[in-house]
Amino acid sequence: EASQYFQLALRVNNEYLPAHRNLYNLFNESVERWHFRMLNDDNRNQCFRKAISNKIQKGHNSILDIGTGTGLLSIYAKIEGAKKIYACDYSETMIDIANQVMFSNNMLRNIALIPKLSNKISIPEDIPDRCSLVVTETVDAAIFGEKILQTIIHAWEHLILLNKNIDCISGEVIPHRATLYITPIQCLQIARMNYVIGRERLIDNLIKLNKIKLFSRKTEPYDTENLRLIDHYWLSDPKEIFQINFNDVLELKQYLNGEKNIEELSVKCTKEGFIDALAVWFDLYLDENIVVSSSPKSSTKCCWDQAIFPLNKAYFVEENSLIKIKVGCTNGELTASITNICKSVENLIDVPQEIIRYLNCLSLQSIFRNVINKMENCHIQINTSKVLDLSPFPTIGCLFAKHFNADVTSIAEMNEQFQYILDENNINKNKVENIIWEDCKNLLKNSIAKFDVIVLNYIRCSGEFNEDIINYLHNIRQALKPSGLLIPSHINICCKLVDSYQLYNESEVINPLLMTEINLAMHINRYKVPYHIDLKMDESIYKNLSVPFTIGSLNIENLTLEENVIFEKKIEIIEEGSLNAILYWFSYDLFEYKVSTNVIDSYTNQCAWLISPRIEVTKSDVIKIRAIYHKCFLYFSVEKCER
């Protein structure tokens, strides 16, 4: 209902950005973005279809589709001849989409949609009898993350046909089984996000961290990465860790209870290198013969990433050395660690990942080092008596305190360990005060202090504007002395036009079979959004259609919350292609140096704006780009100019 009001507002004024933003946020909350990539994985789709068909041909005519999503697997079951089909999902939005899909394909009478989790289904209230076949794809990168063990155990106990009479068919589950593999990997990109890289990799950080080690605080049991797109290499041959038979309920309970845990798996390293993480992937057997694989070296593209278990510090291994890996299932989730080298380390401290990424941004540190050198040689003259550093870690603030005796206020999310860092770097602890953001807001709001320099953290790690900071710009400016320096004072919006099948594939359903054979794409594509945050441009696949350009600059010194800032620019196309995305990032000038969020070690990622329908272009075509900024939100529109 809320979406209708937002869409009505946009029909009146398509450049009313609050409506765009609220609508896109609603769509993101209603439909997980992975649905698009999964539905575009036609190999996965056809493998499931064939496995379902094989079971139906063997007499499985009553089917329960658990976590149906758009209802695709249920539709396959109907097409292949199943007589009774039930499909459940806990998401009201997905049930609504599935209902529209069924109606469009004349299957509403053939497939019963149940708006419940499968463990809430009861007989005969929701389904009349136990079903002979359960189909589910509630698997994530590490198989267990979507609670597939609990789901299938409950199904075997309450929903699946258990008839063992030799003349009658007994229940089965698709997928049939799964095999999980693990290997240690070296990957600098993963390391940068998880621990501060230092002397062990011949890296000289501005902030010395030899006495304490910082690593990223974990909020999830593992990360996910598409290793097909990241520079990395395996330090051993892959090792099989688990074989899960989804048609053996006793075995599933053993996995869930930890009885199948591996306390010590010996792995021989085939190369020397730094172990930055353990990578896990799977082969999913949908029946006895049909397999889909999430292996990073699979010849077939796959919608699943790999599960990544990062280490908390650098560990170097020699060729032929043995490492011991512990693998388990804890509360239905996969766990993995190295036991013989990852021993507890004194002063090993977890901090928010943003701090790790910031401290590993050596390109930014190099600029800071140059600025300090020029200030010491009087080539740059600024007053640094009182400094407010709102960066994830107050690197420049600490340097001002160390070299120019500045009084610094910081909001780094660190406790007593912050004092250890100051000690190691010979910085007077009395010159740097660390406070929480809420206290800083009160300080700014009441204008208690006046600062000579305020350093802003204007972009989040995801590549978006930092609303916490920008929404307080009025108070921040009031806390700056009249002759004070705001860093940065301007934010440049940098872009380039690209042709990217990958971004297109991840943002809407473009699978031709789901537009023609099955009418599905149009229903879920109503929930597509044009912006793509947390993009890693160096790990993305695209063709450049323009040179990089700056479309405009936001003046932080006078930017207000309510105004629309509009930029327009005409850009010449440099190569033929399908224009379907604008990649964008940010930069600013720090004296004579340019700081960019589009560098290989950037602590922030980048973003993209998707163009739909795409525009076919040839070399020398001219594209007019219009960008509107409002309250930390960027909206783009494009049009092709007449020659």
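Sequence order as written defines residue numbering, which begins from 1 separately in each chain. In keeping with the model being predicted, local features are shown solely for residues with a pLDDT of at least 70 and side-chain atom pairs are shown and tallied solely at 80 or more, while totals for entire chains, interfaces and linings include all residues. Note that water and hydrogens are dropped before the side-chain values are worked out from all heavy atoms of the structure.

When two helices pack together, their arrangement is captured by the angle between the axes and the distance separating the axes. As a rule, the C-alpha atoms of each element are fitted with a line to give its axis, helices using only the stretch in contact, and angles between N-to-C directions run from 0 to 180 degrees. A run of H or I in DSSP becomes a helix once it reaches four residues, and a run of E becomes a strand once it reaches two; helices and strands are each numbered from the N terminus. Where helix H4 (residues 42-57) meets helix H5 (residues 72-79), the closest approach of the two axes is 9 Å, and the angle between their N-to-C directions is 45°. In this view, H4 runs oblique relative to H5, as classed from their interaxial angle. Taken as a pair, H4 and H5 cross one another with a handedness that is right-handed. Side by side, H4 and H5 meet where Arg44, Asn45, Gln46, Phe48, Arg49, Ile52 and Ile56 of the first sit next to Leu72, Leu73, Tyr76, Ala77 and Ile79 of the second. Note on residue categories: nonpolar means Ala, Val, Leu, Ile, Met, Phe, Trp, Tyr, Cys or Pro, charged means Asp, Glu, Lys or Arg, and polar means any other residue, Gly included. For the contact of H4 with H5, the per-class residue count stands at 8 nonpolar, 2 polar and 2 charged. Orientation labels follow simple angle bins: below 35 degrees gives roughly parallel, above 145 gives roughly antiparallel, 65 to 115 gives roughly perpendicular, and whatever is left gives oblique. Crossings are sorted by hand: turned counterclockwise from the far helix by less than a right angle, the near helix makes the crossing left-handed, and turned clockwise it makes it right-handed. By the convention used here, residues are in contact when the closest approach between their heavy atoms is within 4.5 Å.

So, about the UniProt feature "domain: Protein arginine N-methyltransferase" (unreviewed entry) in the chain. UniProt positions are given in the numbering used here, feature names are shortened, and annotations may be inferred rather than shown by experiment. When the UniProt feature table is mapped to this numbering, "domain: Protein arginine N-methyltransferase" (unreviewed entry) covers residues 177-331. Here residues 177-331 runs as 10% helix and 45% strand, with 20 Å between its end C-alpha atoms.

Strand order across the open sheet formed by 5 strands is S20-S19-S18-S21-S22, with parallel pairing between neighbours. Lying at the two open borders of the sheet, with one neighbouring strand each, are strand S20 (432-434) and strand S22 (480-487). Taking each pair of neighbouring strands and ignoring which way they run, the sheet shows an average axis angle of 20°. The pairing criterion for strands is at least two bridges between them, as found by DSSP. Strand direction decides the pairing type here: strand S18 (residues 386-389) and strand S19 (residues 407-410), joined by 4 bridges, are parallel. By the bridge assignment for S19, valine 387 is matched with valine 408.

Next up on the list: the environment of aspartate 276. Note on placement: aspartate 276 falls in strand S12 (residues 273-285). Separated by 91 residues in the primary sequence, aspartate 276 and isoleucine 367 place their C-alpha atoms 27 Å from one another. Beyond its immediate stretch of four places on either side in the chain, aspartate 276 contacts Ile185, Gln186, Cys187, Leu188, Ile190, Ala191, Tyr195, Arg201, Pro310 and Leu311. In terms of polar contacts, aspartate 276 uses its side chain to reach the side chain of arginine 201, at 2.8 Å. Each polar contact in these results corresponds to two N or O atoms within 3.5 Å; when the atoms are within protein, one needs to be able to donate a hydrogen and the other to accept it, and residues that are neighboring in sequence are counted only if both atoms are side-chain atoms.

What follows concerns the side chain of asparagine 525. Examined against the element boundaries, asparagine 525 turns out to sit in the loop between helix H18 (521-524) and strand S24 (531-535). Excluding its chain neighbours within four sequence positions, the residues that come into contact with asparagine 525 are Phe36, Glu508 and Val509.

Turning our eyes to something else, we now look at unusual backbone geometry. For the bond from isoleucine 123 to proline 124, the omega torsion is 5°, close enough to zero to count as cis. Looking at the element boundaries, proline 124 is found in the loop between strand S3 (111-114) and strand S4 (133-136). Cis geometry marks the peptide bond from isoleucine 487 to proline 488; its omega dihedral reads -5°. Even without glycine at this site, asparagine 331 takes up a positive phi of about 55°. Mapping asparagine 331 onto the fold places it in the loop between strand S15 (322-330) and strand S16 (333-338). With phi around 60°, aspartate 534 is a residue other than glycine that occupies positive phi space. Secondary-structure assignment places aspartate 534 in strand S24.

Looking now at the pairing of strand S31 (residues 622-630). Summarising the sheet, strand S27 (residues 565-572) and S31 pair through 8 bridges and their orientation is antiparallel. Of the residues in S31, the one forming a bridge with valine 565 is tyrosine 629. In this sheet, strand S32 (residues 633-640) lies alongside S31 in antiparallel orientation, the contact comprising 8 bridges. When the bridges of S32 are listed, alanine 627 appears paired with phenylalanine 636. Counted along the chain from S31 to the antiparallel partner S32, the turn is 2 residues long, and its residue lysine 631 has a positive phi close to 50°.

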